Structure formats: C-alpha cells, structure tokens
Amino acid sequence: MESCIFCRIARHETPAYMIAEDADTCCFLDIAMDAEGHMLIIPKKHVSSLLDCDEETLGHVLQMVKRVADHCTRCGYGGVNLLNASGTCAGQSVPHFHMHLLPRKSGDGMDTWPTLPGTSTPLLDVYNKLKME
Ligand code: AMP
Ligand code: ZN
C-alpha cells in the first residue's frame, strides 16, 4: 500500500535499522527506544492485522520470528517476549500486521505482561461464549 509506513520500510523507501530480511518478511528495530532490541517483524505483503492475515503469510512471519528469536540467544539474550495488537480496540496503532519481539535478559527489570483489570464474569459463562465447535 502506497502510504503505509511499514510497506514503505519493506520497499526500502523509508529508512529503518533492518535486522533481517527474506523474500516475504523483514525485521527492523522499533523506533520507540523503549526497550533494548525492541524489534518488529512484518510481512512484506500489506495485511492490516492478524485478523486479515492468510495462513501462508502468517507462516512466513512466524518463521522469521523464530529465526530472530534464535539469533537473540546467540547475541547474549536469554529469551524473548512476543507482543501483537490486532485491531484499534486492541491498541494497534500501525495498520500493517507486525509482531513485536523483545529480547530478554535475567534481571533486565522489564515487566512485559500487561496489568489486567480482572473480571467478575464466571469462567463457565466465558467458556460457553468462547468454546469452539
Ligand atoms: P502497535 O501500537 O502495536 O501498532 O505498534 C506500532 C509500533 O510501530 C510502535 O512501537 C512504534 O514505535 C513503531 N513504529 C512506528 N513507526 C515506525 C518506524 N518508522 N520505524 C520503526 N518503528 C516504527
Ligand atoms: Zn503496509
């Protein structure tokens, strides 16, 4: 998509610190500067989120996620967190599917698990609503 910032990065029209790239995906540093090594992994094809991502494209993205995660362990990190927002109600701000990858080290002081509000909805009600046939 012409105006999409991540499409532009994938086409090398907008600069980015490109960490890895293959025919279908790329991985670059997030500009937020909020965590050491915060990276984004995207499909080169424009899909707006996980919700409209076809399975083949998702497979390509996850292969790159695995490749980058393994690379992080070789660079001295002990683990990674993966984060994704799909849909504006979920907090997605850039409408091109991306996985956030955060390299982790013991004692790095990061708490990447969201603080959740709690719920009073009984588990059985939720189960009946969400169970897949
Ligand atoms: P989300 O809120 O999950 O859609 O995340 C979007 C992310 O894209 C944010 O963490 C931004 O810092 C990041 N971002 C936006 N523009 C750029 C850019 N030009 N290069 C790298 N990261 C970007
Ligand atoms: Zn795009």
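Residues numbered from 1 in each chain as written. Chains lettered and ligands numbered in written order. Predicted model: local features only at pLDDT ≥ 70, side-chain atom pairs only at ≥ 80, totals over all residues. Heavy atoms only, no water.

Draft legend 1. Structural detail: the coordination of the zinc ion (ligand 2). Within the protein, the atoms that donate to the zinc ion (ligand 2) are Cys-4 (SG), Cys-7 (SG), His-46 (ND1) and His-96 (ND1), at distances of 2.0 to 2.3 Å. Around the zinc ion (ligand 2), the four donor atoms sit at angles spanning 106 to 118°, and that spread fits a shape best called tetrahedral. Spacing between the donor residues of the zinc ion (ligand 2) along their common chain follows C-x2-C-x38-H-x49-H. Here His-46, found in the loop between strand E3 (39-43) and helix H2 (55-74), pairs with His-96, found in the loop between strand E4 (79-83) and strand E5 (99-104); they are 50 residues apart in sequence, far enough to count as distant. His-46 sits in the partly exposed class, given a relative accessible area of 24%. (Donors = N, O, S within 2.8 Å, 3.2 Å for Na, K, Ca; no water. Tetrahedral: all angles 85-135°; square planar, octahedral: opposite > 155°, others 65-115°. Helix = DSSP H or I, 4+ residues; strand = E, 2+ residues; numbered from the N terminus. Buried < 20%, exposed > 50% of the residue type's maximum accessible area, 1.4 Å probe, protein only.)

Draft legend 2. Representation of the environment of Ser-93. Its place among the elements puts Ser-93 in the loop between E4 and E5. Between the alpha carbons of Ser-93 and Thr-25 there is a distance of 20 Å; along the sequence they are 68 residues apart.

Draft legend 3. Region of the structure containing the sheet that holds strand E1 (residues 18-21). Reading across from one edge, E1-E2-E3-E5-E4 is the order of the five strands in this open sheet, with antiparallel pairing throughout. Strands at the two margins of the open sheet, each flanked by one partner only, are E1 and E4. Each strand of the sheet is rotated relative to its neighbour by a mean of 20°, with strand direction disregarded. Pairing geometry for strand E2 (residues 25-29) and E3, over five bridges, is antiparallel. Paired with Thr-25 across the two strands is Pro-43, which belongs to E3. Strand contacts of H2: E1, E2, E3, E4 and E5, with the helix running at about 155° to E3, the strand carrying the most contacts. (Pairing = 2+ DSSP bridges. Axes fitted to C-alpha atoms, helices over the stretch in contact; angles between N-to-C directions. Contact = heavy atoms within 4.5 Å.)

Draft legend 4. Quick peek at unusual backbone geometry. For His-12, which is not glycine, the phi torsion reads 60° and is therefore positive. Along the chain, the position of His-12 falls in the loop between helix H1 (5-10) and E1. Although it is not a glycine, Met-33 adopts a positive phi angle of roughly 55°. As for its placement among the helices and strands, Met-33 is situated in the loop between E2 and E3. Met-33 sits in the exposed class, given a relative accessible area of 77%.

Draft legend 5. Highlighting the side chain of Gln-92. Counting through the fold element by element, Gln-92 comes out in the loop between E4 and E5. The class of Gln-92 is buried, set by a relative accessible area of 11%. Engagement of the side chain of Gln-92 in a polar contact is seen with the backbone oxygen of Ser-48, the distance being 2.8 Å. One polar contact links the side chain of Gln-92 to the main-chain carbonyl oxygen of Val-94, over a distance of 2.9 Å. Leaving out residues up to four positions away in the same chain, Gln-92 has contacts with Ser-48, Ser-49, Ala-85, Ser-86, Gly-87, Phe-97 and His-98. (Polar contact = N/O pair within 3.5 Å; in protein donor to acceptor, adjacent residues only side chain to side chain.)

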